[in-house]
Amino acid sequence: QVQLVESGGGLVQAGGSLNVSCAASEQTAIYYSTGWFRQAPGKEREFVAAISWTGGTTDYVDSVKGRFTISRDNAKNTVYLQMSSLKPEDTAIYYCAASPFDVARFKTRILSWGQGTQVTVSS
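Residues numbered from 1 in each chain as written. Predicted model: local features only at pLDDT ≥ 70, side-chain atom pairs only at ≥ 80, totals over all residues. Heavy atoms only, no water.

(A) The packing of aromatic side chains, seen in detail. For the structure on display, the rule yields five aromatic pairs. Connected via pairs of aromatic rings, a cluster forms that spans F37, F47, F106 and W113. Above the face of the Y95 ring, R45 is positioned so that its terminal group lies 3.9 Å from the ring centre. Over the ring of W113 we find R45; its NZ or CZ atom is 4.5 Å from the centre of that ring. (Phe/Tyr/Trp six-rings, centres within 6.5 Å; stacked < 30°, edge-to-face > 60°. Lys NZ or Arg CZ within 6 Å of the ring centre and 35° of its normal.)

So, in structure tokens, the structure goes:
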């Protein structure tokens, strides 16, 4: 099973930017769709963004479209989430996830999860 390790979370003021990364333990992970979910206190985990293994297809939840950008560098087995114009409601633990299925089925076909990284946006 692919192991995923997130990094880059932290505290930022509203309107600011933050980048988080997800590094995979195996080279085979480059063939997986990879993405991000988040879970805020008292709320269910929700899908944020996903990217196909080629990088050619992406998907975002409506609330982050135009503010977040997902990308990947398969040479580094790493997926990135660039977050800008952050809002207090973006505060959550962000989890990296990987799926052997395509982006269309990513949300319901997760194979591996990372341990999560905290993102806090102050008002």
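(B) The environment of S25, seen in detail. Along the polypeptide, S25 turns up in the loop between β3 (18-24) and β4 (33-39). A relative accessible area of 43% places S25 in the partly exposed class. S25 sits 82 residues away from K107 along the chain, and the two C-alpha atoms are 21 Å apart. Other than its neighbours up to four places away in sequence, S25 contacts V2 and Q3. (Helix = DSSP H or I, 4+ residues; strand = E, 2+ residues; numbered from the N terminus. Buried < 20%, exposed > 50% of the residue type's maximum accessible area, 1.4 Å probe, protein only. Contact = heavy atoms within 4.5 Å.)

(C) Looking closely at the state of the cysteines. Overall, the coordinates contain one disulfide when judged by the stated rule. Two residues, C22 and C96, share a disulfide whose sulfurs are 1.9 Å apart. One disulfide, between C22 and C96, carries an S-S torsion of -80 degrees and so falls in the left-handed class. Of this pair, C22 sits in strand β3 while C96 is found in strand β9 (residues 92-99), placing the two residues 74 residues apart along the sequence. (Disulfide = S-S within 2.5 Å.)

(D) Highlighting the sheet that holds strand β1 (residues 4-7). Pairing within the open sheet is antiparallel, and its four strands lie in the order β1-β3-β8-β7. Only two strands of the sheet have a single neighbouring strand rather than two, namely β1 and β7 (68-73). Direction aside, neighbouring strands of the sheet carry axes that sit 15 degrees apart on average. (Pairing = 2+ DSSP bridges. Axes fitted to C-alpha atoms, helices over the stretch in contact; angles between N-to-C directions.)

(E) Representation of the side chain of S33. Following the sequence through the fold, S33 ends up in strand β4. Since its relative accessible area comes to 4%, S33 is described here as buried.

(F) Looking closely at the nonpolar core. Membership of the largest hydrophobic core comes to 27 residues, with the highest contact counts inside it found for W36, V48, F68, I70, L81, M83 and Y94. At the level of elements, β3, β5 (46-51), β7, β8 (78-83), β9 and β11 (117-122) are the ones that each hand at least two residues to this core. In this structure, F37, F47, A97 and V103 belong to the second largest nonpolar core, which totals six residues. (Core = buried A, V, L, I, M, F, W, Y, C linked by side-chain atoms within 4.5 Å.)

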